[in-house]
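The lines below spell out each chain.
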Amino acid sequence: VLASNSGALRDYKRGQYDKALQEYQSSLQRKSDDPRLQFNTGAAAYRAQKFDEALKRFSEALNSPDLNLQQSAYYNRGNTLYYAGEHATDPAKRNDFWKRSVQDFDSALKLKADDADAKFNRDFVKRRLEEANDQQKQNPQQEKIEPSEEAKKAKQRAEEAVNRKAYNEALQIMEAQLAKDPTTKYYDDFITRLREVTGVQSSTKSN
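Visitor: Break down the overall build of the protein for me, citing the residues and quoting the values.
Guide: A count of helical and extended segments in the protein gives 10 helices and zero strands. In sequence order, the protein lays out its α and β elements as α-α-α-α-α-α-α-α-α-α. Looking at the protein as a whole, 49% of its 207 residues qualify as buried. Contacts spanning at least 24 positions in sequence make up 61% of the contacts within the protein whose residues lie at least 6 apart.

Written out as structure tokens, the structure reads:
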């Protein structure tokens, strides 16, 4: 997060992302043409899992003439698109989010070719796309399994653990839910990745 609104930044650092988001949005009403403020609002929205708002704000931040800010905005929008795809129940919509995510990581790499995080995430999302396409070809019925509300909540808790890089905790959450709820199998690929102790590096990039 780039320094600007001190109160919002303080709340962000405390993990009070919804509160920080409200404060940044309030500031935007007075200064909507500030790309850095747009970026910070996007970062808070991303952490609060308000992905539509995050996508909008990172897109606005791309209007900055500052190439470093543009690069960070592409990187963070790529992450946002990935997680938006993770939450999409329609496989076609999910794949569309992931394709756009790959494009944003490519754009970030054009501006900073040695960005190891952007390269890792781009390659990771590419693999997810390939796996999803292969899985759908092999078992087209599996895509029709709808996760229960409890399974969705477990997935959200697990994602929060992943954001803290607490992969073991995330895996325990998902396996416990799977043991009592067969619809959790909808997230099979996510559970497999946790078992492999790998995942998108979702820390918010700043300048």
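Visitor: Help me get a handle on helix α3 (residues 35-47), residues and values and all.
Guide: The first and last C-alpha atoms of α3 sit 18 Å apart over 13 residues, in line with the 18 Å expected at 1.5 Å per residue. Inspection of α3 places Leu37, Gln38, Phe39, Asn40, Thr41, Gly42, Ala43, Ala44, Ala45 and Tyr46 among the buried residues, and these make up the whole buried set. For α3, the side-chain oxygen to backbone nitrogen distance between the N-cap and arginine 36 is 3.0 Å, and the N-cap itself is aspartate 34. Glutamine 49 sits one or two residues past α3 and shows a positive phi near 60°.

Visitor: Help me get a handle on the packing of aromatic side chains, residues and values and all.
Guide: Scanning the entire structure with this criterion turns up eight aromatic pairs. Look at tyrosine 82 and phenylalanine 124: their rings are 5.8 Å apart centre to centre, the planes differ by 65°, and that puts the pair in the edge-to-face class. Taken together, the positions of tyrosine 82 in helix α5 (residues 67-87) and phenylalanine 124 in helix α7 (residues 116-138) put the pair 42 residues apart, joining distant regions of the chain. Like phenylalanine 124, tyrosine 82 is buried. Aromatic ring contacts, followed pair by pair, group Tyr46, Phe51, Tyr82, Tyr83, Trp98 and Phe124 into a single cluster.

Visitor: Lay out unusual backbone geometry with the relevant residues and their values.
Guide: The phi torsion at glutamine 49 lies on the positive side, around 60°, for a residue other than glycine. Considering the arrangement of structural elements, one finds glutamine 49 in the loop between α3 and α4 (51-61). Look at glutamine 49 and you get partly exposed, because its relative accessible area is 21%.

Visitor: Give me the lowdown on helix α10 (residues 188-195), citing residues and values where you can.
Guide: Among the residues of α10, Asp188, Phe190, Ile191, Arg193 and Leu194 are the ones counted as buried. Each element contacted by the buried residues of α10 is listed here: α5, α7, α8 (149-163) and α9 (167-180).

Visitor: Talk me through the pattern of salt bridges; I want residue IDs and the actual numbers.
Guide: Going through the model one piece at a time under the given rule, you end up with 20 salt bridges. We note a salt bridge from glutamate 86 to arginine 193, for which the minimum N-O separation is 3.6 Å. In this pair, glutamate 86 sits in helix α5 while arginine 193 sits in helix α10, placing the two residues 107 residues apart along the sequence. For the pair glutamate 86 and arginine 193, a shared accessibility class is recorded, and that class is buried. Salt-bridge contacts for lysine 155 lead to glutamate 159; the nearest nitrogen and oxygen are separated by 2.6 Å. Of this pair, lysine 155 and glutamate 159 both sit in helix α8, four residues apart, roughly one helical turn.

Visitor: Provide a residue-level description of the packing of α5 against α8, including the pertinent values.
Guide: At their nearest, the axes of α5 and α8 sit 12 Å apart, and the two run at 155° to each other. Judged on the interaxial angle alone, α8 and α5 are roughly antiparallel. Relative to α8, the crossing made by α5 is right-handed. On α8, the residues touching Tyr83, Glu86 and His87 of α5 are Lys155, Glu159, Val162 and Asn163.

Visitor: I'd love a proper account of the environment of glutamine 49, names of residues and values included.
Guide: Each C-alpha atom of the pair glutamine 49 and glutamine 156 lies 9.6 Å from the other, and the pair is 107 residues apart in sequence. When residues no more than four places from it in sequence are discounted, the contact partners of glutamine 49 are His87, Gln156, Glu159 and Glu160.

Visitor: Can you explain the nonpolar core? Please cite residues and give values.
Guide: Ranked by internal contacts, the top residues of the largest apolar core, which has 54 residues, are Met174 and Leu194. Top contributing element to this core by residue count: α5, with eight residues. Here methionine 174 is in contact with Ala154, Lys155, Ala158, Thr184, Tyr187, Phe190, Ile191 and Leu194, once residues within four sequence places are set aside.

Visitor: Explain the confidence of the model for the protein residue by residue, including any values.
Guide: Scored by pLDDT, the protein has a mean of 85; 88% of the residues are at 70 or more. Note that pLDDT drops below 50 for residues 198-203; the model gives that stretch 24 contacts with residues more than four away or on any other chain.

Reading guide: rules and limits
Residues numbered from 1 in each chain as written. Predicted model: local features only at pLDDT ≥ 70, side-chain atom pairs only at ≥ 80, totals over all residues. Heavy atoms only, no water. Helix = DSSP H or I, 4+ residues; strand = E, 2+ residues; numbered from the N terminus. Buried < 20%, exposed > 50% of the residue type's maximum accessible area, 1.4 Å probe, protein only. Contact = heavy atoms within 4.5 Å. Expected span 1.5 Å × (residues − 1). Polar contact = N/O pair within 3.5 Å; in protein donor to acceptor, adjacent residues only side chain to side chain. Phe/Tyr/Trp six-rings, centres within 6.5 Å; stacked < 30°, edge-to-face > 60°. Salt bridge = Lys/Arg side-chain N within 4 Å of Asp/Glu carboxyl O. Axes fitted to C-alpha atoms, helices over the stretch in contact; angles between N-to-C directions. Parallel < 35°, antiparallel > 145°, perpendicular 65-115°, else oblique. Left-handed = near helix turned anticlockwise from the far one by under 90°. Core = buried A, V, L, I, M, F, W, Y, C linked by side-chain atoms within 4.5 Å. pLDDT = per-residue confidence, 0-100.

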